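For reference, the chains in residue letters:
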Amino acid sequence: MSTSVKSLEELISELPPTLQSQVRDYVEFLLARRARSGARRLRQDWAGALKAYQQQYTSVELQHLSLKWRGE
C-alpha cells in the first residue's frame with residue numbers, strides 16, 4: 001500500500017478560496033508573531049542587584065524575598 005504525502009501547497013489548493021484566504025491570514029499572523037518574539041532581547045540589568053544581601057540570606061531566601069519585593 002502506497003501512501004502519498006501531499007505538500008502544504010497541494011493541501012491548501014484543495015481548499016475553497018475563502019479558506020485559502022484564512023490560511024494566508026493565519027500564516028501571516030504566525031510570521032508576525034515570530035518576528036516580534038525574536039526581536040526581544042533578554043534583559044539582564046537586574047544581575048547582581050541582590051549582591052548586598054548575599055551574606056545575610058541564602059539564595060532560596062533571596063528568591064522568596066525578591067518575589068515579595070516585586071509584588072509590593
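Our structure's up above, just so we're on the same page.
Quick notes on the rules
- Residues numbered from 1 in each chain as written.
- Predicted model: local features only at pLDDT ≥ 70, side-chain atom pairs only at ≥ 80, totals over all residues.
- Heavy atoms only, no water.
- Helix = DSSP H or I, 4+ residues; strand = E, 2+ residues; numbered from the N terminus.
- Rg over C-alpha atoms; globule rule 2.2 N^0.38 Å.
- Buried < 20%, exposed > 50% of the residue type's maximum accessible area, 1.4 Å probe, protein only.
- Areas by Shrake-Rupley, 256 points an atom, 1.4 Å probe, with all protein chains shown as cover.
- Lys, Arg positive; Asp, Glu negative; His and termini not counted.
- Charge placed at Lys NZ, Arg CZ, Asp CG, Glu CD.
- Salt bridge = Lys/Arg side-chain N within 4 Å of Asp/Glu carboxyl O.

(A) How the structure looks around the overall build of the protein. When helices and strands are tallied, the protein shows three helices and zero strands. Secondary structure elements in the protein, listed N-terminal to C-terminal, are α-α-α. Taken against the 2.2 N^0.38 rule, which gives 11 Å for 72 residues, the C-alpha radius of gyration of the protein at 25 Å runs more than 25% over that of a compact globule. Considering only C-alpha atoms, the protein reaches an extent of 70 × 35 × 20 Å along its principal axes. Each of the 72 residues in the protein was classed as buried or not, and the buried ones make up 4%. Accessible surface, the protein: about 7200 Å² in total, of which carbon and sulfur atoms supply 56%. Looking at charge distribution, the protein has the averaged site of its 11 positive side-chain charges lying 9 Å from that of its 8 negative ones.

(B) Structural detail: the environment of Leu 42. Tracing the sequence through the fold places Leu 42 in the loop between α2 (17-39) and α3 (59-71). Judged by relative accessible area, Leu 42 falls into the exposed class, the value being 71%. Residues Leu 42 and Lys 68, spaced 26 residues apart in sequence, show a C-alpha to C-alpha distance of 22 Å.

(C) A look at the pattern of salt bridges. For the structure on display, the rule yields two salt bridges. Between Glu 14 and Lys 6 there is a salt bridge, with its nearest N and O atoms 2.5 Å apart. Note that Glu 28 and Arg 24 form a salt bridge whose closest N and O atoms lie 3.5 Å from each other. Here Glu 28 pairs with Arg 24, and both are found in helix α2, just four residues apart, close to one helical turn. Judged by its relative accessible area of 42%, Glu 28 falls in the partly exposed class. Residue Arg 24 is classed as exposed on the basis of its relative accessible area of 55%.

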